[in-house]
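Tertiary structure, described
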Amino acid sequence: ENLVSKNRLIPAFFIIFSFILFYLLKVDYLFLSLLFLLSLYDLNYSSIVNKQFSLILIFLFVIFFLLKSIFLSDIFFLTYLIIFFSFFISKKFYKYSFSFLILNFFFIATILIDHDRELFFLVILLSFVNDTSAFLIGKYFKGPLIVPKISPNKTWSGTLGSITFSSFLLLILQYNILFSIIVAISFFIGDLFFSYVKRIINTKDFSKLLNGHGGILDRIDSLFITIYIFSLYKYSL
């Protein structure tokens, strides 16, 4: 049995090509805006938000970009934490809190781009490497599942292998060992959180946008907490 099917390979090459193209063209805000709109598509497809609420999110996204020079970065870091914890507290409004978390994720991504675009694209590249290593190691070594009730495909071998591999890459890039381990684990936590959301809404993928890969939200899930950590790291320098 092949570790990677053709159904996954073609979209994977398309994703990598798009990533390289946007990096070379240096149209970072266009790249982020496209990712945001495709994420909204996922939210609509999985019935987390309706079209009316999507327009509100787009409005807030545009306002932020127009006025982002006067916004304080600290506000979005704090808001990120508040909304994240409110997701677990209020079961009645979890769809709204998750939607605002996605919106705030893109706000923070913008903050990271403004501070260091090279770091922004490096974080995305690291998440690709982490996801790929987790998938391949898990498929090859198999073994017991780590959290079967939340993510039925994640194995201990794939998770520990990807954490080790990602930590090693960060060490090569001259980050200290504690930071490297924290970032490597954050990839897994972000992925796990999105899997938890999918279990709540009873769906396998947020959409079918990318054949064999789900939607955009299924691809940026591991970035969800990592980009927050790197933004704080860069913003504090």
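The structure reproduced in this document is the subject of the present report. Bear in mind the structure is a predicted one, so any value in this text is a computation, not a measurement. (Residues numbered from 1 in each chain as written. Predicted model: local features only at pLDDT ≥ 70, side-chain atom pairs only at ≥ 80, totals over all residues. Heavy atoms only, no water.)

Attention now goes to a nonpolar patch on the surface. On the surface, Leu171, Ile177, Leu178, Ile181, Ile182, Ile185 and Ile189 cluster together to form a nonpolar patch covering roughly 590 Å² of accessible area. No other element matches the six residues that helix α8 (residues 177-200) contributes to the nonpolar patch. Its place among the elements puts Leu178 in helix α8. The exposed category is assigned to Leu178, whose relative accessible area is 57%. (Patch = residues over 30% accessible without salt bridge, like charges linked within 9 Å, V, L, I, M, F, W, Y side chains within 5 Å. Areas by Shrake-Rupley, 256 points an atom, 1.4 Å probe, with all protein chains shown as cover. Salt bridge = Lys/Arg side-chain N within 4 Å of Asp/Glu carboxyl O. Helix = DSSP H or I, 4+ residues; strand = E, 2+ residues; numbered from the N terminus. Buried < 20%, exposed > 50% of the residue type's maximum accessible area, 1.4 Å probe, protein only.)

Phe98, Phe106, Phe120, Phe193, Phe224 and Phe230 are the most contacted members of the largest nonpolar core, which has 62 residues in total. Sorting elements by how many residues they give to this core places helix α5 (residues 94-115) first, with 13 residues. If near-sequence neighbours (up to four positions away) are discounted, Phe224 is found in contact with Tyr80, Phe84, Leu101, Phe105, Gly190, Phe193 and Phe194. (Core = buried A, V, L, I, M, F, W, Y, C linked by side-chain atoms within 4.5 Å. Contact = heavy atoms within 4.5 Å.)

A rise of 1.5 Å per residue sets the reference length of α8, with its 24 residues, at 34 Å; its end C-alpha atoms lie 35 Å apart and thus fit the reference within 8%. Near the N-terminus of α8, the side chain that reaches the backbone nitrogen of Leu178, with its oxygen 3.1 Å away, is that of Asn176. Asn202 occupies a position one or two residues after α8 and carries a positive phi of about 60°. (Expected span 1.5 Å × (residues − 1). Polar contact = N/O pair within 3.5 Å; in protein donor to acceptor, adjacent residues only side chain to side chain.)

Next up on the list: the layout of surface pockets. Roughly 360 Å³ of internal volume is contained in the second largest pocket. Along the wall of the second largest pocket there are 21 residues; nearest its centre are Ile15, Ser18, Phe31, Leu35 and Ile216. Secondary-structure elements contributing two or more residues to the lining of the second largest pocket are α1 (6-25), α2 (28-45), α5, α6 (117-141), α9 (216-220) and α10 (223-235). (1 Å grid on protein atoms, 1.4 Å probe; cavity = no way out; pocket = protein on both sides within 12 Å on 5 of 7 lines; lining within 4 Å. Points joined across faces, edges and corners; volume = space filled by probe spheres on them.)

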